[in-house]
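For reference, the chains in residue letters:
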Amino acid sequence: MHFERQKLMAVTEYVAPKPAIPAVCSTPRVHAKKEENGYAKLLHRQVAEAFQDSKMIAVCQHCFTPSDEMLMMQHRLRKHNIHVKFFPNEIVRPYLSTSKYKNLLPLFVARNLMIMSPEIKVKEMLRMLKRVPQISLLGACIDDTILSSQGVVSYSKLPSLEVTQGQVVGTLSLTTSQTCALLQHGAGHLSALLDQYVKQQSGGTGEPDGQAGEGQAEPGPAFLAPFINHALHIETDGRKRVQGQVSSEVGGDSWEGPVSCLNQQTGS
Amino acid sequence: MWRGLARPLRALPTAPGDLSYTRVLIAGLKNFVIPQNYDNISIPERPKLKFIDKVPSVPKVRREFKNLRDIRGPSTEATDFTEGQYGILALGGGYLHWGHFEMIRLTINRHLDPKIMFAVWRVPAPYKPITRKSLGHRMGGGKGAIDHYVTAVKCGRLILEVGGHCEFGEVEHFLTQVAKKLPFPAKAVSRQSLEEMRQAEEERRRNNQNPWTFERIITSNMLGIRKVLSPYDLAQRGRYWGKFFLQDRV
């Protein structure tokens, strides 16, 4: 190359632009937002649907279980309309943090699975989980109430709704039944005594008047004891409990007899 | 107890080469990439490269001049893609003889999967006769006899094109293998990468901070520099020097 040409080439070289503030300093470091792939969006939707549809949500730690055991467990649960769901933590955690199940966040940490059902069948679920020792219950959210594993166990031991309703009704109607009993007590007692007296009079005509008088003088417990025993054996448990309460309040076994007689009469 | 588990699991550096930071172990959701759609690409009947003759079917009688103009400067033909998606771009001028053609043909045909890929020549068969004098003789005695034929290739020309139901990553490997063996600098390109290369060149030309450009000086003949420059430099603007393409220049 001719020397002049060499000089020309050297003079006309490329000079890169050099701003006063380098681009590295002026532009903020923005991490490009990764576009969410379709599968992640689908999982988000499924999680939302699952949480909205189910009333009972149990979170369990999912250690390795042989696939056939897992399949059998899922099958047995499915018969009671309980579904076992697997979702990745990175999908579930953002959903939980924005929904009302915020307090379940600490449970979704390591490998876990969710047991969801639109009905509440805690006993069946616990039974199935007991059969598979590798899956342990961490916590549950039943009817918008967060329970620990012990809480779930005690929830399962609660009596059924009808029984508790009956108990509540019985407790509420306790006072009214008491009132009824109290009001009728005096008259009933008197009538019973009079009956006894009449019977004595009619039955004991041969006996001397003194005995009858004695019998009259002591009307109560001696004659009423067989009635009391009879009543106690016949009455149902509910009534007995009520009666027991009544007696405890009023304070005397003597009252039981006439009341039970009255109730028997009204019943028959 | 649960708060400690909420943070991602970290592994401490075990190897002596590791730096002092802890590596975070995260198992995330797998990203399923949607595969490319190749519906509009059809594979021709003969997908492999044709055999190229050593000598043209009508051999030349007249011995030709050396005519190095056919190597000099940028190419005017076969600069853009036609059928295929990927190809080899020449970044310098040179002659391809039959040995090169055979090498290219054998390598490409070996790596092609004829069911899903095809290749097409973008250079003609050797047509230019090159003469050689017999060994051991003194200068003089006329021009030598035609020894072999060659194809002239200018800078910026595509040598061959490859296409089909394949991605650049699959094809790049053997295209670069071939490109290295050519007598001039070459590289494997795809349609997109060629476009990007041209845009980058354009960008450099636009944001050049040097007020003195070769083009400016030569067109206005500053300092009478055209005395030492060739008339071809007016068109080539200092980017070409003979058969060489000066990539760093703008």
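Residues numbered from 1 in each chain as written. Chains lettered and ligands numbered in written order. Predicted model: local features only at pLDDT ≥ 70, side-chain atom pairs only at ≥ 80, totals over all residues. Heavy atoms only, no water.

Take the sheet that holds strand S4 (residues 94-97) of chain B next. Residue and element names in this part refer to chain B. Taking strand neighbours across the sheet as the criterion, the 3 strands line up as S4-S7-S6 in an open arrangement whose pairing is antiparallel. The open sheet has two edge strands, S4 and strand S6 (128-132), and neither has a second partner. Taken over all neighbouring pairs, the strand axes of this sheet differ in orientation by 50° on average, direction set aside. Where S4 meets strand S7 (residues 145-153), 4 bridges bridge the pair, whose relative direction is antiparallel. Residue Gly94 lies in a different strand from S7, and its bridge partner there is Val153. Along the sheet, helix H2 (residues 98-111) contacts S4 and S7; its crossing angle with S4, the most-contacted strand, is approximately 70°. (Pairing = 2+ DSSP bridges. Helix = DSSP H or I, 4+ residues; strand = E, 2+ residues; numbered from the N terminus. Axes fitted to C-alpha atoms, helices over the stretch in contact; angles between N-to-C directions. Contact = heavy atoms within 4.5 Å.)

Chain B puts 28 residues into the contact, and the matching count from chain A is 25 residues. Of the roughly 2300 Å² buried between chain B and chain A on both sides combined, carbon and sulfur atoms contribute 67%. The tally of links between chain B and chain A comes to 1 salt bridge. The partner of Asp233 of chain B in a salt bridge is Arg5 of chain A, and the shortest N-O contact between them spans 2.6 Å. (Buried area = accessible area lost by both parts, 1.4 Å probe. Salt bridge = Lys/Arg side-chain N within 4 Å of Asp/Glu carboxyl O.)

Another point: the side chain of Thr131 of chain B. Residue and element names in this part refer to chain B. On the secondary structure map, Thr131 appears in strand S6. On the basis of relative accessibility, which here comes to 15%, the residue Thr131 falls in the buried class. Looking at Thr131, its side chain comes within polar contact range of the side chain of Lys143, at 3.4 Å. Once you skip the residues sitting within four places of it in the chain, Thr131 turns out to touch Arg63, Lys143, Gly144, Ala145, Ile146 and Asp147. (Buried < 20%, exposed > 50% of the residue type's maximum accessible area, 1.4 Å probe, protein only. Polar contact = N/O pair within 3.5 Å; in protein donor to acceptor, adjacent residues only side chain to side chain.)

This next bit is on unusual backbone geometry. At Asp144 of chain A, a position not held by glycine, the phi torsion is positive, near 60°. With phi around 55°, Ala78 of chain B is a residue other than glycine that occupies positive phi space. Within the secondary structure layout, Ala78 of chain B lies in the loop between strand S2 (23-25) and strand S3 (86-90). Assessed through its relative accessible area of 14%, Ala78 of chain B is described here as buried.

Residues and elements named next belong to chain B. Where H2 meets helix H3 (residues 168-180), the closest approach of the two axes is 10 Å, and the angle between their N-to-C directions is 170°. By the criterion of interaxial angle, the relationship of H2 to H3 is roughly antiparallel. Contacts between H2 and H3 involve Met103, Ile104, Thr107, Ile108 and His111 on the former and, on the latter, Phe174, Leu175, Gln177 and Val178. Of the residues belonging to the contact of H2 with H3, the class tally is 6 nonpolar, 3 polar and no charged. (Parallel < 35°, antiparallel > 145°, perpendicular 65-115°, else oblique. Nonpolar A, V, L, I, M, F, W, Y, C, P; charged D, E, K, R; others polar.)

A few words now on the nonpolar core. Counting 29 residues, the largest nonpolar core has Ile88, Ile104, Ile108, Ile159, Leu160, Leu175 and Leu182 of chain B as its most contacted members. If you list the elements that add at least two residues to this core, you get S3, H2, strand S5 (117-121), strand S8 (158-164), H3 and strand S9 (186-190) of chain B. The leading source of residues in this core is H3 of chain B, at 5 residues. Not counting residues within four places of it along the chain, the set of residues in contact with Ile159 of chain B comprises Ile88, Ala90, Leu96, Ile104, Trp121, Arg122, Val123, Val153, Leu182 and Phe184 of chain B. Counting 22 residues, the second largest nonpolar core, distinct from the first, contains Met128, Leu129, Val132 and Ala140 of chain A. (Core = buried A, V, L, I, M, F, W, Y, C linked by side-chain atoms within 4.5 Å.)

A few words now on the pairing of strand S1 (residues 56-62) of chain A. Residue and element names in this part refer to chain A. In terms of burial, S1 is largely enclosed, as 6 of its 7 residues are buried. As judged from the 6 bridges shared by S1 and strand S3 (residues 112-117), these two strands associate in the antiparallel manner. In the strand pairing of S3, Ile57 is matched with Met116. With 7 bridges joining them, S1 and strand S4 (residues 135-142) adopt antiparallel strand pairing. In the sheet register, Val59 faces S4, and the bridge partner there is Gly139.

Here we come to a positive patch on the surface. Taken together, Arg63, Lys66, Arg132, Lys133 and Lys143 of chain B make up a surface patch of like positive charges. Residue Lys143 of chain B is classed as partly exposed on the basis of its relative accessible area of 42%. (Patch = residues over 30% accessible without salt bridge, like charges linked within 9 Å, V, L, I, M, F, W, Y side chains within 5 Å. Areas by Shrake-Rupley, 256 points an atom, 1.4 Å probe, with all protein chains shown as cover. Lys, Arg positive; Asp, Glu negative; His and termini not counted. Charge placed at Lys NZ, Arg CZ, Asp CG, Glu CD.)

Turning our attention to the confidence of the model for chain B. Per-residue pLDDT for chain B averages 92, and the proportion of residues at 70 or more is 89%. Both scores are given for the predicted complex: the pTM is 0.65, the ipTM 0.84. (pLDDT = per-residue confidence, 0-100.)

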